[in-house]
Amino acid sequence: MLLPILSAILGILAFPPLGVYPLGFIFLIPLFIFFIKENNLLKLLWGVFLFRIILGTGLFYFIFEPLVFILSILVFLGLPLSFFLLRRFIRKIKPTIASTQSEVACLLIALPFLWVFWDFFEAKYSFLPTFLMTAGNIFGSSPFLGLAAIGGLIGLAFFTAAINCLISFLILNFRKSELKISAISVLFIIFVISGGYSISKSEFQKNTSIYQTFPNKLKIALISSANNFDQEFNFFKHNVLSPEEKIIAETLMEKKTNLIKNELGGEKIDLMILPEDLISIESWQDIDIEAKNKFGIENSGVLIGAYRKLALGLNTNLAATLTTVQNNKRYNSTILFNRRGELADIYNKFNLTIVGEYWPFGDWRPFYYKFIKNDLLEAGQGRAIFNKEYAYQRGQEKTLQVENLVFGSAICSEIQYPWQIKKLKKMGAKFISHTATNRWATLGLKNLRELTNNLRKIEAVWLQTPILINGREEMAGIITPDGKMDLVNFENDHKNFGIFIGEVKTN
C-alpha cells in the first residue's frame, strides 16, 4: 500500500499552497503502477481509499468532515472497480494477453479516460464538490493553464493523467537491453509535454487578442472585508429587532456604508459589488415594501434600505448578497439595485453547501457533532444541522441584468461548479461575479484561496470570460480570460476592508 500513499503525498505537494506543479506530471505514477501490479479487487479498493482520504485531508483539512469525506470517496471507488472489470474483460476476450506488454498498454490507454470520468463524477455528484482537487486544478497557476481553453478543467485533467500514464508505461516496460526504445519513449514524452506548453502559450495569446477586441468597457468597484468589519452588529442577539434596535442598526449601517462611500466619492462607477454578508444581520419581520412587492422578500428591510442609499448616493448599480426570507423560506440571494436605488433583479443560490446551508439527513447527526456544535455555530456554520428553521432553499439558475449589464453571480461555493459557470455564460452572462464569505475557514484560509484561484483562472480561460472576485476574508479583483489576476487585499492601510477599482471588458 506504499504506492497509493506515495501518490497522495506527491499530490499534496503538487497542489497549492505549495504548488510544485511539475509534480503533477508524476504524482499519479505510483498509483497507476499499483493498479497494474495489483490483481486483488479488495486491495485495489483499499489502496484507492487510502490515496483519496490522504489527498483529500491534505488539501481540504479546513473543511474536513468525516461523513461527507467517506461518502465522496465511496463514489470514487468506482474507478478501481471499473479498472478491475476492464482487466477481467480483456483477459476473457484475449486469454493470451494476460500479464503482457499488450495488456499493460491497453489498461494504460484506458486509464486516463477512467480517471477523468470518476474524478469528475465524484466532484459533481458527491455532497461536497471536489473540483478543487481534480488533477487538472494543479496547473491553474502554471504555464500550462492555456490548455484550459481546450476542454476546461477536464482537458487539463486528461492531459495530466495521460502524461502520468505514458511515464508509467515507460517505467513498467523499461529493459536494459532496450535502451534505444526507452530513449525514444522519453523523447516522445518530452515532445508531448513541450507540445502542451506550446499550445498553452498559443491559447493565451488567442484569449488575450480576443479580450482586447471586446468593445464595451465597464468601471467596477469590488469590495472585500475582514471578518471584523461588522463586529458592532454582534450587539443584536436576536433576529427579530425591536423598533429601538432598528434605529440603532440603521445608524450603524449608515456609518459602515459611509466608509465605502467616502472612499469612492468622485468615482464614476458602473457596478459596485459588495461581499457576501458584508453586514451579517437578517432582521426577520422587517419588510422593505419594494422588496416585498417585487421579490416577496420579508426580512432585512433596514439592510436593503442601507444598500439602496449607497447605490443612490454613488449613482451606481450595486449587487449585494445576503440572506433573504421569501414565503417563509430562507435563500442566499444576490439582489441588484440600479442607480436610482431601485431593486432591479434577484438571484437565489442554486448549489447549496452541505452543513452550512442544508442538511440532507433529517434529525440524524453523527455522534461527533455533539463535541463540535459550539465551534461550528461560532464560525457561522452548522445552524441548518441543529435547527431546520435555518436551512436554505435552492433557487433557480439565472443571470442578473440592469441597464446593459448582464452577468452571472456565483455565490461562495458555486464557483466550484464549472458547469454552472458555463451555463451562466450560455445564458448570456458577459462576466461572472464570484462573492464569498470565508469567515468559517478558521484554519487553512490561504490554502482555500489558492486552490480556488486556480479553478477561477481555469474557468476564465476556458470560457473566455472575466471573473470578478470579492468577499469576506477574500481578495478583491479580476481574472481576465488570459488567466492574469489583478487583486487587492481585504485589509489595506489599517482598514478592515479593501476596494478594487478597475475595468472589465465585455462583448
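Note that the structure is predicted; figures quoted are calculated from it, not measured. (Residues numbered from 1 in each chain as written. Predicted model: local features only at pLDDT ≥ 70, side-chain atom pairs only at ≥ 80, totals over all residues. Heavy atoms only, no water.)

Caption draft 1: Structural view of the state of the cysteines. The full count for this structure, using the stated rule, is 0 disulfides. Here C165 is not cross-linked by a disulfide; its sulfur's nearest cysteine counterpart is in C106, at 13 Å. (Disulfide = S-S within 2.5 Å.)

Caption draft 2: Quick look at the pattern of salt bridges. Within the structure shown, the criterion is met by 22 salt bridges. Measuring nitrogen to oxygen at the nearest pair gives 2.8 Å for the salt bridge that ties E122 to R52. Of the two residues, E122 is situated in helix 6 (residues 101–125) and R52 in helix 3 (residues 41–60); the sequence distance between them amounts to 70 residues. A residue is classified by how much of its surface remains accessible, and E122, at 2% relative accessible area, is buried. Put simply, R308 and D288 hold a salt bridge, and the shortest N to O gap is 2.9 Å. Here R308 is found in helix 11 (residues 301–314), whereas its partner D288 is found in the loop between strand 2 (271–273) and helix 10 (289–295), with 20 residues between them in sequence. (Salt bridge = Lys/Arg side-chain N within 4 Å of Asp/Glu carboxyl O. Helix = DSSP H or I, 4+ residues; strand = E, 2+ residues; numbered from the N terminus. Buried < 20%, exposed > 50% of the residue type's maximum accessible area, 1.4 Å probe, protein only.)

Caption draft 3: Representation of the nonpolar core within the structure. Within the largest apolar cluster, 81 residues are counted, with the highest numbers of intra-cluster contacts made by F35, F51, F60, L79, L111 and W115. In contact with F51, other than residues within four places in its own chain, are P4, S7, A8, F27, L28, L31 and W115. With 36 residues, the next largest nonpolar core counts A249, L278, I297 and F497 among its residues. (Core = buried A, V, L, I, M, F, W, Y, C linked by side-chain atoms within 4.5 Å. Contact = heavy atoms within 4.5 Å.)

Caption draft 4: Just empty space enclosed by the protein, in detail. Under the defined criterion, the tally for this structure stands at 2 cavities of 30 Å³ or more. Considering only enclosed or pocket space, the largest cavity measures out at about 90 Å³ in volume. Every element with two or more residues in the lining of the largest cavity is listed here: helix 3 and helix 4 (66–76). For the lining of the largest cavity, the element with the most residues is helix 4, which contributes 4 residues. For the lining of the largest cavity, the per-class residue count stands at 6 nonpolar, 3 polar and 2 charged. Taken as a whole, the second largest cavity encloses approximately 30 Å³ of empty space. Sort the elements by how many residues they give to the lining of the second largest cavity and strand 3 (residues 317–326) lands first, with 3 residues. Residues of the lining of the second largest cavity, tallied by class, amount to 5 nonpolar, 5 polar and no charged. (1 Å grid on protein atoms, 1.4 Å probe; cavity = no way out; pocket = protein on both sides within 12 Å on 5 of 7 lines; lining within 4 Å. Points joined across faces, edges and corners; volume = space filled by probe spheres on them. Nonpolar A, V, L, I, M, F, W, Y, C, P; charged D, E, K, R; others polar.)

Caption draft 5: Molecular detail of helix 5 (residues 78–93). Its 16 residues place the ends of helix 5 22 Å apart at the C-alpha level, agreeing with the 22 Å of an ideal helix rising 1.5 Å per residue. Every buried residue of helix 5 is accounted for by G78, L79, P80, S82, F83, F84, R87 and I90. Where helix 5 is buried, its residues touch helix 2 (29–37), helix 3, helix 4 and helix 6. (Expected span 1.5 Å × (residues − 1).)

Caption draft 6: Highlighting the environment of G136. Along the chain, G136 turns up in the loop between helix 6 and helix 7 (152–172). G136 sits in the buried class, given a relative accessible area of 0%. Separated by 55 residues in sequence, G136 and L81 have C-alpha atoms that sit 23 Å apart. Among all residues touching G136, those that are not within four sequence positions of it are L153, L156, A157, T160 and I458.

Caption draft 7: Seen up close, the packing of helix 6 against helix 7. Running from N to C, helix 6 and helix 7 cross one another at 155°; their axes reach a closest spacing of 9 Å. As judged from the angle between their axes, helix 6 and helix 7 are roughly antiparallel. When you trace helix 6 past helix 7, the crossing you get is right-handed. Residues Q101, V104, A105, L108, L111, P112, F113, W115, V116 and F120 of helix 6 pack against L153, I154, A157, F158, A161, A162, C165, S168, F169 and L172 of helix 7. Taken together, the residues of the contact of helix 6 with helix 7 sort by class into 18 nonpolar, 2 polar and no charged. (Axes fitted to C-alpha atoms, helices over the stretch in contact; angles between N-to-C directions. Parallel < 35°, antiparallel > 145°, perpendicular 65-115°, else oblique. Left-handed = near helix turned anticlockwise from the far one by under 90°.)

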